[in-house]
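# An overview of the molecular structure
Residue strings, one per chain:
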Amino acid sequence: MESSRCDWCGSLPIYVNYHDQEWGVPEYDSRALWEKLVLDGFQAGLSWLTILKKRDAFRAAFEGFDPEKVAAFTEADVQRLLGDAGIIRHRGKIEAAITGAQAWLAMEEGEGFDTFMWKYVDGTPLVNRFEAQADVPPSSDLSARISKDLKKAGFKFCGPTIVYAWMEATGLINDHLVTCHRHEEVKKLAR
């Protein structure tokens, strides 16, 4: 018998793999946290499936999401990216990735982006106990506060809904439904 999964996962192999291997797993690597925030920003107004299918192209286009390289992108790089059919060609989102890299570098010189983000949950994932997908909120007071702080630090395309989805994806919040086999598994992965 196949174990149950969160409703949003569906049955497409790319989604099932993402759900079962990545989504909700606590991410402690500063660069990886930033990459996922950028990708969630690109997802705004689109489906996550679109981003998953283009993720490798995004990684190639954005130099493996190396923040130092992306922070140095110029208008010529923006034009190159606007011509790259493998990614989402949206000037505002591309420019937000570049300014986000610059903001990330500034944070790394201080406490670090990872420390900055994990302090919102005192270093331990928040564990929700939702029984139905309809119970999962699109945003929260915490995601609104983080969004405001990120914008103050220079990030863009990081509204409360994007931040909430990012928190779920990076394991700051465990929003696997209690009926999902990953709910308990992901809880055990926290530091």
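This text follows the structure it describes.
Let me sum up the structure you'll find in this document. (Residues numbered from 1 in each chain as written. Predicted model: local features only at pLDDT ≥ 70, side-chain atom pairs only at ≥ 80, totals over all residues. Heavy atoms only, no water.)

## Side note on the packing of helix H2 (residues 30–43) against helix H6 (residues 91–109)
Each packed pair of helices is defined by two parameters, the angle between the axes and the distance between the axes. Where H2 contacts H6, the two axes come as close as 10 Å, and the packing angle between them is 155°. Looking at the two axes, H2 sits roughly antiparallel to H6. Seen along the crossing, H2 lies across H6 with a hand that is right-handed. Contact residues: H2 offers Ser-30, Arg-31, Trp-34, Val-38, Gly-41, Phe-42 and Gln-43, while H6 offers Lys-93, Ile-94, Ala-97, Gly-100, Ala-101, Trp-104 and Glu-108. The class makeup of the residues in the contact of H2 with H6 is 7 nonpolar, 4 polar and 3 charged. (Axes fitted to C-alpha atoms, helices over the stretch in contact; angles between N-to-C directions. Helix = DSSP H or I, 4+ residues; strand = E, 2+ residues; numbered from the N terminus. Parallel < 35°, antiparallel > 145°, perpendicular 65-115°, else oblique. Left-handed = near helix turned anticlockwise from the far one by under 90°. Contact = heavy atoms within 4.5 Å. Nonpolar A, V, L, I, M, F, W, Y, C, P; charged D, E, K, R; others polar.)

## Examining the side chain of Glu-35
Take Glu-35: it is sitting in helix H2. When neighbours within four sequence positions are excluded, Glu-35 is seen to be in contact with Arg-59 and Phe-65.

## Section: the pattern of salt bridges
In total, this model carries 11 salt bridges according to the counting rule given. Where Arg-80 meets Asp-77, a salt bridge forms, and the shortest distance between an N and an O atom there is 3.4 Å. Taken together, the residues span about one helical turn, with Arg-80 and Asp-77 both in helix H5 (residues 75–82) at a distance of 3 residues. According to the relative accessible area criterion, Arg-80 is partly exposed, its value standing at 35%. Close ionic contact of Arg-182 with Glu-185 constitutes a salt bridge, the shortest N to O distance being 2.8 Å. Taken together, the positions of Arg-182 and Glu-185, both in helix H10 (residues 181–187) and 3 residues apart, correspond to about one turn of that helix. (Salt bridge = Lys/Arg side-chain N within 4 Å of Asp/Glu carboxyl O. Buried < 20%, exposed > 50% of the residue type's maximum accessible area, 1.4 Å probe, protein only.)

## What to know about the layout of surface pockets
By volume, the largest pocket amounts to about 400 Å³. Along its surface, the largest pocket is lined by 19 residues, and Trp-8, Trp-23, Trp-48, Ala-165 and Glu-168 are the ones closest to its centre. Taken together, the elements giving at least two residues each to the lining of the largest pocket come down to helix H1 (13–21), H2 and helix H9 (160–169). Here the lining of the largest pocket gets 6 residues from one element, more than from any other, and that element is H9. (1 Å grid on protein atoms, 1.4 Å probe; cavity = no way out; pocket = protein on both sides within 12 Å on 5 of 7 lines; lining within 4 Å. Points joined across faces, edges and corners; volume = space filled by probe spheres on them.)

## Side note on empty space enclosed by the protein
This structure, assessed with the given rule, holds 2 cavities of 30 Å³ or more. The volume enclosed by the largest cavity comes to roughly 100 Å³. As for the largest cavity, its lining consists of Trp-34, Leu-37, Val-38, Gly-41, Phe-42, Lys-93, Ala-96, Ala-97, Gly-100, Phe-155, Lys-156 and Phe-157. Elements with a minimum of two residues in the lining of the largest cavity: H2 and H6. With 5 residues, H2 is the largest single contributor of residues to the lining of the largest cavity. In terms of residue class, the lining of the largest cavity is built from 8 nonpolar, 2 polar and 2 charged. Lining of the second largest cavity is provided by Tyr-18, Glu-22, Trp-23, Glu-35, Lys-36, Leu-39, Asp-40, Trp-48, Arg-55, Arg-59 and Ala-169. Secondary structure elements with two or more residues in the lining of the second largest cavity: H2 and helix H3 (48–61). Here the element with the most residues in the lining of the second largest cavity is H2; it accounts for 4 residues. Across the lining of the second largest cavity, the residue classes tally to 5 nonpolar, no polar and 6 charged.

## Observations concerning the environment of Gln-102
Structurally, Gln-102 can be placed in helix H6. Assessed through its relative accessible area of 38%, Gln-102 is described here as partly exposed. For the pair Gln-102 and Tyr-164, spaced 62 residues apart in sequence, the C-alpha to C-alpha distance is 22 Å. Here the side chain of Gln-102 touches Ala-71 through a polar contact of 3.0 Å, landing on its backbone oxygen. (Polar contact = N/O pair within 3.5 Å; in protein donor to acceptor, adjacent residues only side chain to side chain.)

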